[in-house]
Structure formats: C-alpha cells, structure tokens
Amino acid sequence: MRGNGLWVQLRRPPGGRDARIMLLAQGVDRTGSGVWAAASVLYFTYVCGMDAGRLGLLLGVGAVAGIVGSPLAGRAAERLPVRGLLIGCHLLRVATMGLLLVVDRFAALLLSVALTCLAERGAKTLEMLFATRIAGERRATYQALFRSVANGGYAVGTGFAAIGLAVGSTTAYRVLIVANALSYLLAAVLIRRTAEPAGRGLVAAVPSPAQEAAGGGPAAVPSPWRDRGYLLFVLLDLPMCLDDSVLNVGLPLWLIHHTEAPHAVVPAFLTVNTVLVVVLQLRVSAWAENPRGATTAVGWYGVTLLASCGLIALSTGEGPLTASLALLAAAALVTLAELMRSVSSWELAVSLAPPRAKASYLGVAGMSQSVQKSVGPMLLTGVVMAAGPAGWLALGAASTGLAAVQRRASLRRLAALEASAGASAAVVG
C-alpha cells in the first residue's frame, strides 16, 4: 500500500472488481446522506412545522432505532446473503424517503425516520462485513479508501444541499429528498452487480479442525452477548467514538459561547476534517494493517484527543486570532484521532471476534457509533462544556486512560486467541 496514491488504490482496491463497485456504491450513498444531513432538521422545522420538543423526540427515536439496526443486521447476516440484505436496506431507505413526501402526521414521520435510521445502521454493518470478506487481511486499506470516498461524497452532498437550502422553498426541500432517495436506489443497483462474498459467519456450531481430527461434535461458538471479553471491547469502544461529537458539536458550540473567535471559523472545522481525511487516511491506515498495530493506534488515539481537548480549553479568554488558531489546531488533532480510531476500531472488531461468528459479533461492535451519536452530544453539552475548560481537560484525561485500558485488554484477548489457535493446530498435527 505504501507509495501508492489514493487514485491508484481506488482503481485497484483490495477485493478487486467487487470492492471497486462497492466503493462506488458507498460514495453514491454518502452523497445522498450528505444531502439529507444538511437539510433534514430544516425540513422538519420549516416544512413540517415541528417545534423543538417534537423534533428532539423524532431525532431521539431515530437514534435508538439506529442502535438496534447494527445487531439485527449482524444476526441476519449469519443466515442470509449479505449482498441481498444490503440491497434490501437501501430499498427500505428509498421507501422511507418516499414516505416523507406523502405524509405530514407526526406518527408517520416518526415511523419513517425510525426505519430510515434502522436501515442506515444495518447497511453500515453489512458494508463492514462485506468488505471484511472481500478484502481479507487488507481490510485496513479498504477502510481507508472507504473513508476517503465517504468524506468526498458527504462534501458533494452538502454542497448540493446548500443550493436547495438557498432557494428555501418547499419544492426545493422535496427535490433534496428525491435526490437522497435516488442515491439509495443507485447504490442498490450497483451492489446488485457484485457477487456474494465468500464466507458465512454461522453461529450454528461448526466442527473445529481439532474436533474433526478427534472425531468430536461441532464446537459451539459463543454468542457475542455472552462473550465478556468482546463486550468489554465494545464497551470501551464507546468513548473511543467521541471524536465525532467533539468535532461536530463540541467545537462549534464552544467557539460560539466560550471564545472570541469569529463564527465564520465554524465551517472551516469541516473543511479541515475533510481535507485531512482524504490526504492522510491511507497513511494512517498503514499503522493498523494488523491487530497489534491497531492496538498501538488506540494508544495514540487517547494522547491525540487529550492534546486536542487541551487546545480547546486554552482557547477560552484568548483574542479572536489566537482562539481561532487554537480551535483549528484542535480540529486537526481531532481528525487525526478520528483517523486512528476508524481503522483500529474496525481491525480490532474483526480480529477479536471468533472466526465463525464474525457477522453477529460485528453487528454488536457496530452499536458503538450509534450509541455515541445518541449520548455523545448530551455528554458534551450537559457535562463537559458545563464544567468549562476543566471539563475538556477531564474528558481528554479520561479518554487517554480508557484508551490505555482498551489497548491492554485487546492485547490480552489477542494473546488468548493466538494461544487457542496454536493449541488447535497442535491437536490437528
């Protein structure tokens, strides 16, 4: 991977033709998602006439549905083809977007948003499983390519949405909804051109090599919900996703309410994030090309987030220029933390799961980001920012400590898995 540019990697990604088609489908999907992310709150407020209370309930229910979507998709992928399930998720999103155009009752809108979020999180889990199967040991490279494609798609989508929002009419908002639905439909059409990736993560017991050699019965693979070691990883992964809320919620609100930096700096946070992801994601992913590299990236994640939180805390009380530079530097560090987390979290989620139960395990691991999106903004606004600069320093210190704990726990589990694999190989030999 080293020495090859982004364009070269996109033309010849790990997984060949199917990976290339899937990356294109994901780019189309994220472009539509960028349109909807930029327009949804304004649509529900100005077109649907929702007050803040109902809008909060709508978004909250959607977040909960998203949490449920990941394990449901993982469980379904144990028994059904991943490709078909992924197409189904996209088609469900097409239907729910269409429903928004014809209903105006709150209950119907609530159902539409809940199903959309459930299908969205389910699709992301299935994409992760699909990529794991086709990219194999080079999944970190695939993840880096996907992150670059996704950020580019979001940027295009938000730019397209800005045109519709500038018009501001009901028709313009409906055009944006149709554009989003069409992106899901096109993604489904593209995925239909791929082949079902090899491998099934059946939880139903399959004989291990050692048991087959000994003439024993099938080995029962534990459920992820009963696997304490894996659940510990998922639990520790929750705060590892807080960089998303820091970038999208914490930095803008802190700038507006606690610094003298001009409000025009806020859009620059997203610009810094997008540019750095596109430029650096492939290089950072090289650190996590194997499980032990991923654990090293976890440790650096905590240190980097701590440095970012320190800059945010120092921006208070400074002049406009100093505060702006401090917050832009913090945005850059948060992005570096995000890059390390995105590849290390996926690599460890795959590597720490039993070989024959990866689908259901990845479904549980996929809950981390959904839970963070629900809880993270409230944690930042209600606890961290309420405590002032000390709150940011406490958040950084806590993240560093939890990252160290996750690193040690992951290394212990990797060692145990390697010992178990070695014992099985010895029995077969």
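All values reported here derive from a predicted model rather than from experimental measurement. What you see as residue numbers is a count from 1 along each chain, following the sequence as written. Where local features are concerned, this predicted model is filtered to residues with pLDDT of at least 70; where side-chain atom pairs are given and counted, the filter is 80 or more; whole-chain, interface and lining totals use all residues. Water and hydrogen atoms play no part in the side-chain values, which are based on all heavy atoms of the structure.

Caption draft 1: Geometry of the packing of aromatic side chains. For Phe, Tyr and Trp, rings pair up if their centres lie within 6.5 Å, where Trp contributes its six-membered ring, and each pair is then called stacked (planes under 30 degrees apart), edge-to-face (over 60) or tilted (otherwise). Taken as a whole and assessed by the stated rule, the structure comprises seven aromatic pairs. Summarising the aromatic geometry, the rings of Trp 36 and Tyr 43 are spaced 6.1 Å apart at their centres and angled 55° between planes, so their arrangement reads as tilted. Judged on exposure class, the residue Trp 36 and its partner Tyr 43 are both buried. Aromatic side chains Trp 254 and Trp 392 sit 5.9 Å apart centroid to centroid with 85° between the ring planes, which places their arrangement in the edge-to-face category. One end of the pair, Trp 254, is in helix α10 (residues 243-258); the other, Trp 392, is in helix α16 (residues 389-428), with 138 residues separating them in the sequence. Buried, partly exposed and exposed residues are distinguished by accessible area as a fraction of the type maximum, computed with a 1.4 Å probe on protein chains only: under 20%, between the cut-offs, and over 50%, respectively. With a relative accessible area of 0%, Trp 392 lands in the buried category. Through a chain of ring-to-ring contacts, the aromatic side chains of Trp 36, Tyr 43, Phe 44 and Tyr 173 assemble into a single cluster. To sit over a ring, a charge needs its Lys NZ or Arg CZ within 6 Å of the ring centre and within 35 degrees of the ring normal. Over the aromatic face of Phe 106 sits the side chain of Arg 54, whose NZ or CZ is 4.8 Å from the ring centroid. A cation sits over an aromatic face here: Arg 93 above Tyr 184, 3.9 Å from the ring centre. Strands here mean DSSP runs of E at least two residues long; helices mean DSSP runs of H or I at least four residues long; both are numbered from the N terminus.

Caption draft 2: Looking closely at the nonpolar core. What makes a nonpolar core is a set of buried Ala, Val, Leu, Ile, Met, Phe, Trp, Tyr and Cys residues whose side-chain atoms join them at distances within 4.5 Å. Within the largest apolar cluster, 77 residues are counted, with the highest numbers of intra-cluster contacts made by Tyr 142, Tyr 230 and Trp 392. In what follows, a contact means two residues having at least one pair of non-hydrogen atoms within 4.5 Å. In contact with Trp 392, other than residues within four places in its own chain, are Val 246, Gly 250, Trp 254, Cys 309, Ile 312, Ala 313, Leu 380, Val 384 and Met 385. Residues Met 50, Met 97, Tyr 173 and Ile 177 belong to the second largest nonpolar core, which totals 15 residues.

Caption draft 3: Spatial organisation of helix α6 (residues 139-167). Between its first and last C-alpha atoms α6 spans 42 Å; for 29 residues at 1.5 Å apiece the expected length is 42 Å, and the two agree. Within two residues after α6, Gly 168 carries a phi angle of roughly 75°, on the positive side. In this scheme, a helix's expected span is set at 1.5 Å multiplied by one less than its residue total.

Caption draft 4: Highlighting a nonpolar patch on the surface. A cluster of nonpolar side chains, Leu 91, Val 178, Leu 182, Leu 185, Leu 186 and Val 189, forms an exposed patch at the surface whose accessible area comes to about 480 Å². Considering every element that reaches the nonpolar patch, the biggest residue donor is helix α7 (residues 170-192), with five residues. Among the secondary structure elements, Leu 91 is positioned in helix α4 (residues 82-102). Think of a patch as exposed residues, more than 30% relative accessible area, with no salt bridge, where like charges cluster within 9 Å and nonpolar side chains (Val, Leu, Ile, Met, Phe, Trp, Tyr) cluster within 5 Å. Working definition of accessibility: Shrake-Rupley area with a 1.4 Å probe, residue cover restricted to the visible protein chains. Whenever Lys or Arg places a side-chain nitrogen within 4 Å of a carboxyl oxygen from Asp or Glu, that contact is recorded as a salt bridge.

Caption draft 5: Region of interest: helix α11 (residues 266-285). Look at α11: 28 Å from first C-alpha to last across 20 residues, which is about the 28 Å you get at 1.5 Å a residue. To get the bend at a given residue, fit one axis to the seven residues ending there, fit another to the seven starting there, and take the angle between those axes. At Val 279, α11 is bent by approximately 45°, the largest bend along its length. Within α11 the residues assigned to the buried category are Phe 269, Asn 273, Thr 274, Leu 276, Val 277, Leu 280, Gln 281, Leu 282, Val 284 and Ser 285.

Caption draft 6: Representation of the side chain of Asp 237 in the model. Along the chain, the position of Asp 237 falls in helix α9 (residues 228-237). Neither His nor the chain ends is counted toward charge; the positive residues are Lys and Arg and the negative residues Asp and Glu. Arg 341 is the oppositely charged side chain nearest to the buried, salt-bridge-free Asp 237, at an N-O distance of 6.7 Å. Residues in contact with Asp 237, not counting those within four places in the same chain, are Ser 345, Ser 368 and Gln 406.

Caption draft 7: Molecular detail of the environment of Arg 138. The residue Arg 138 is located in the loop between α5 (106-135) and α6 in this model. When the C-alpha atoms of Arg 138 and Leu 380 are compared, they prove to be 35 Å apart, with 242 residues separating the residues in sequence.

Caption draft 8: Focus on the pattern of salt bridges. According to the stated counting rule, one finds eight salt bridges in the structure shown. Across the pair Asp 29 and Arg 93 runs a salt bridge, and its minimum N-O distance is 3.2 Å. Residue Asp 29 is located in helix α2 (residues 16-47), and its partner Arg 93 is located in helix α4; the two are separated by 64 residues in the primary sequence. Taken together, the shared-partner salt bridges connect Asp 29, Arg 30, Arg 93 and Glu 127 into one network.

This is a description of form; function is not addressed.
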